[in-house]
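Remarks on the overall topology
Residue strings, one per chain:
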Protein chains: 2
Amino acid sequence: MGKHEWTSVPGEILRAGEGFRLRDVDPDGAPGFDGDKKHGEKHLAARREVLGDLQERLFAGSRVGDAPDAVLLVLQAMDTAGKGGILRHVVGGVDPQGVELAAFKAPTPEELAHDFLWRIERRLPQPGFIGVFDRSHYEDVLIGKVRALAESDEIERRYDAIVEFEKRVAASGIRIVKVMLHISREEQKDRLMERLDRPDKHWKYNPGDVDERMLWDDYMAAYQAVFERTSTPEAPWYVVPANRKWYARLAVQELLISALEDIDPQWPAADFDVEAEKKRLAAS
Amino acid sequence: MGKHEWTSVPGEILRAGEGFRLRDVDPDGAPGFDGDKKHGEKHLAARREVLGDLQERLFAGSRVGDAPDAVLLVLQAMDTAGKGGILRHVVGGVDPQGVELAAFKAPTPEELAHDFLWRIERRLPQPGFIGVFDRSHYEDVLIGKVRALAESDEIERRYDAIVEFEKRVAASGIRIVKVMLHISREEQKDRLMERLDRPDKHWKYNPGDVDERMLWDDYMAAYQAVFERTSTPEAPWYVVPANRKWYARLAVQELLISALEDIDPQWPAADFDVEAEKKRLAAS
């Protein structure tokens, strides 16, 4: 056929469901897409319009009437896995007026004085928006667990608290799409080395990145626990192979499109008399 | 030569300086650019990379070290003048991680309980960011004046307060670029009519838009007063002819590039021992 496209639904094959094992995922893979980098980039550009149209409908529905729908994309990954590229190349393709981006760093003293979900709740997307979390409450059960920043029974409590929290968020009208970008340990070494080799990339390098890297297996175990404890029907996890950047971008784009298609936002009907307004405008 | 490009510096010819008169600006014009729509769109795409590179340097400088620099783009216009298109096509071309967008609507009761600059101050861009105001504190001397939402001596006070405020903001390291997108009254009628003709645009139409339109001359007089009272060396106004959308986008892109070039952000030097880190990484 010569047509390069998805042969499986990304939302189905990438989903961390019952019995999922992170170690079985090949970070070099490009599952479900029939094509190479060149095809992938072309497909990404072609689907941008579909995503943009859906986003605009979502936004419109919240401006007129009171559609409660929104989308929340949660991005988690080891350093250098490509969160920034997703933001530039996938999220950057939609109207910035309809996007709310929140980057969660190490918590401030004020944030630490509250429950770990306090700062998260405050950044949930409003109706009509696509919210994107660059890191999230999952840090509190990832670095929080690996670095033992909290007692283990507190970590246990958090898994359950997250599930309840996300259930409530989903019920309020927010479609939650949780993505882990999965790179290999070797790929990370190459990418960090590139940052060291290029003076225009030095600012992206942090010696602490290597400290976390040394704990790679512990992080993978913590991610595995996250998938087992928090991948729910209301807020599923998707594990996206990310050694090939073009594939990861394509897959996340498709996950966003699916979430929006699931909402199926419609252009809202006019809440004014169109013909009367035409006359009024013509006379003005 | 066959090369289509700027023949004058937009920041010079579009600036509302001493003796500026809004009525002398032709909204149909494309001053300083040698080319038509096709050339303009090509030029916009070509300059996107320059803008993106400067933005990344600006961002980098604030992450390592403590460069205080930021940019604030203030967008003001009559309805349908194309603010949204500037956001999509100019601002949308840079990394969303480096942009802070604030849309100012009619003030909330909480906002009204404070001075009119209170909500503005809270949304100023952090160092390293490009902040964009979709409407701004200028509403308080535009609709505020035209609709007499405040006494005339309060309006007078606001002009001076704005000048002082912007002087302080500029001194803190924020380059302020204030843009009025200038369309003609006839062009607005056509654009509003298009919104009424297309069901997928009804959500963008508001009967109140026609009410404001009826006060066109009052608004132009209020803008003229704004330019006379608040176009300062620290925070100049630029009036951009906007009947041709491609020209307005091109001009605003160039104004942003100029502001960034004026900052001239450099890649920050590594604050760690690069060779030592390479060894540590190689061993990890």
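Every value quoted in this text rests on a predicted model; they were computed, and no experiment measured them.

1. Quick look at the pattern of salt bridges
Residues and elements named next belong to chain A.
- Throughout the structure, instances matching the rule amount to 49 salt bridges over all chains.
- When the shortest N-O distance is used, the salt bridge between R158 and E154 registers 2.8 Å. Of the two residues, R158 and E154 are both situated in helix α7 (residues 152-171); the distance of 4 residues between them amounts to about one turn of the helix.
- For E154, a relative accessible area of 21% gives the class partly exposed.
- The structure contains a network of salt bridges with shared partners spanning D115, E154, R157 and R158.

2. Things to note about the relation of the copies chain B and chain A
- It takes a turn of 180 degrees to lay chain B on chain A, together with a shift of 0.0 Å along the axis; the resulting RMSD is 0.0 Å. The relationship between the two copies is best expressed as a two-fold rotation axis. When each C-alpha of chain B is compared by its distance to the rotation axis, G92(B) comes out closest, at 3.3 Å.
- Looking at chain B, 100% of its interface residues are interface residues in chain A too, so the copies touch through the same face.

3. Some remarks on the packing of α7(A) against helix α10 (residues 216-230) of chain A
Residues and elements named next belong to chain A.
- Orientation of α7 relative to α10, taken along the N-to-C sense of each, is 45 degrees, at an axis distance of 10 Å. In terms of axis orientation, α7 runs oblique to α10. Like other packed secondary-structure pairs, α7 and α10 cross with a definite hand, here right-handed. Two secondary-structure elements touch here, α7 through E156, Y159, D160, I162, V163 and E166 and α10 through A225, V226, R229 and T230.
- When its residues are assigned to classes, the contact of α7 with α10 shows 5 nonpolar, 1 polar and 4 charged.

4. Structural notes on the layout of surface pockets
All names here are of chain A.
- The computed volume of the second largest pocket comes to approximately 320 Å³.
- Secondary structure elements with two or more residues in the lining of the second largest pocket: α1 (10-13), β4 (174-182) and α11 (245-263).
- Class assignment of the residues belonging to the lining of the second largest pocket gives a composition of 10 nonpolar, 2 polar and 4 charged.

5. Comments concerning the packing of helix α8 (residues 185-197) of chain A against helix α12 (residues 274-282) of chain B
- Their axes nearest at 10 Å, the elements α8(A) and α12(B) cross at an angle of 170 degrees. Between α8(A) and α12(B), the angle falls in the class roughly antiparallel. Here K189(A), L192(A), M193(A), L196(A) and D197(A) of α8(A) come into contact with α12(B), specifically with V274(B), E277(B), K278(B), L281(B) and A282(B).

6. Section: the sheet that holds β4(A)
Residue and element names in this part refer to chain A.
- Strand order in the open sheet made by the 5 strands is β2-β3-β1-β4-β5, with parallel pairing throughout. Whereas interior strands pair on both sides, the edge strands pair on one side only; in this sheet they are β2 (99-103) and β5 (237-241). Across the sheet, the mean angle from the axis of one strand to that of its neighbour is 20 degrees, orientation sign disregarded.
- Relative to β5, β4 is paired through 5 bridges, and the arrangement is parallel. By the bridge assignment for β5, V179 is matched with Y238.
- Each of β1 (70-77), β3 (130-134), β4 and β5 is contacted by α11, which is oriented at about 170 degrees to β4, the strand it contacts most.

7. Re α8(A)
- Here α8(A) spans 18 Å end to end across 13 residues, near enough to the 18 Å set by a 1.5 Å rise per residue.
- Taken together, the buried positions of α8(A) are E187(A), Q188(A), K189(A), R191(A), L192(A), R195(A) and L196(A).
- On its buried face, α8(A) is in contact with α9 (207-213), α10 and α11 of chain A together with α12 of chain B.

8. Some details on the interface of chain B and chain A
- On the side of chain A, 43 residues touch chain B, which itself brings 43 residues to the contact.
- The largest share of the area that chain B buries against chain A comes from W203(B), L281(B) and S284(B), three residues that together contribute 19% of it.
- Where chain B touches chain A, the interface holds 6 salt bridges.
- Across the pair D197(B) and K278(A) runs a salt bridge whose closest N-O atoms are separated by 3.1 Å.
- Among the elements of the structure, α2 (37-63), α3 (83-89), α8 (185-197), α9 (207-213) and α12 of chain B are those that each provide at least two residues to the side of chain B that touches chain A.
- Counted by class, the side of chain B that touches chain A contains 22 nonpolar, 5 polar and 16 charged residues.

Here is what the cut-offs are and how they apply
- Residues numbered from 1 in each chain as written.
- Chains lettered and ligands numbered in written order.
- Predicted model: local features only at pLDDT ≥ 70, side-chain atom pairs only at ≥ 80, totals over all residues.
- Heavy atoms only, no water.
- Salt bridge = Lys/Arg side-chain N within 4 Å of Asp/Glu carboxyl O.
- Helix = DSSP H or I, 4+ residues; strand = E, 2+ residues; numbered from the N terminus.
- Buried < 20%, exposed > 50% of the residue type's maximum accessible area, 1.4 Å probe, protein only.
- Least-squares fit on C-alpha atoms with pLDDT ≥ 70 in both.
- Contact = heavy atoms within 4.5 Å.
- Axes fitted to C-alpha atoms, helices over the stretch in contact; angles between N-to-C directions.
- Parallel < 35°, antiparallel > 145°, perpendicular 65-115°, else oblique.
- Left-handed = near helix turned anticlockwise from the far one by under 90°.
- Nonpolar A, V, L, I, M, F, W, Y, C, P; charged D, E, K, R; others polar.
- 1 Å grid on protein atoms, 1.4 Å probe; cavity = no way out; pocket = protein on both sides within 12 Å on 5 of 7 lines; lining within 4 Å.
- Points joined across faces, edges and corners; volume = space filled by probe spheres on them.
- Pairing = 2+ DSSP bridges.
- Expected span 1.5 Å × (residues − 1).
- Buried area = accessible area lost by both parts, 1.4 Å probe.

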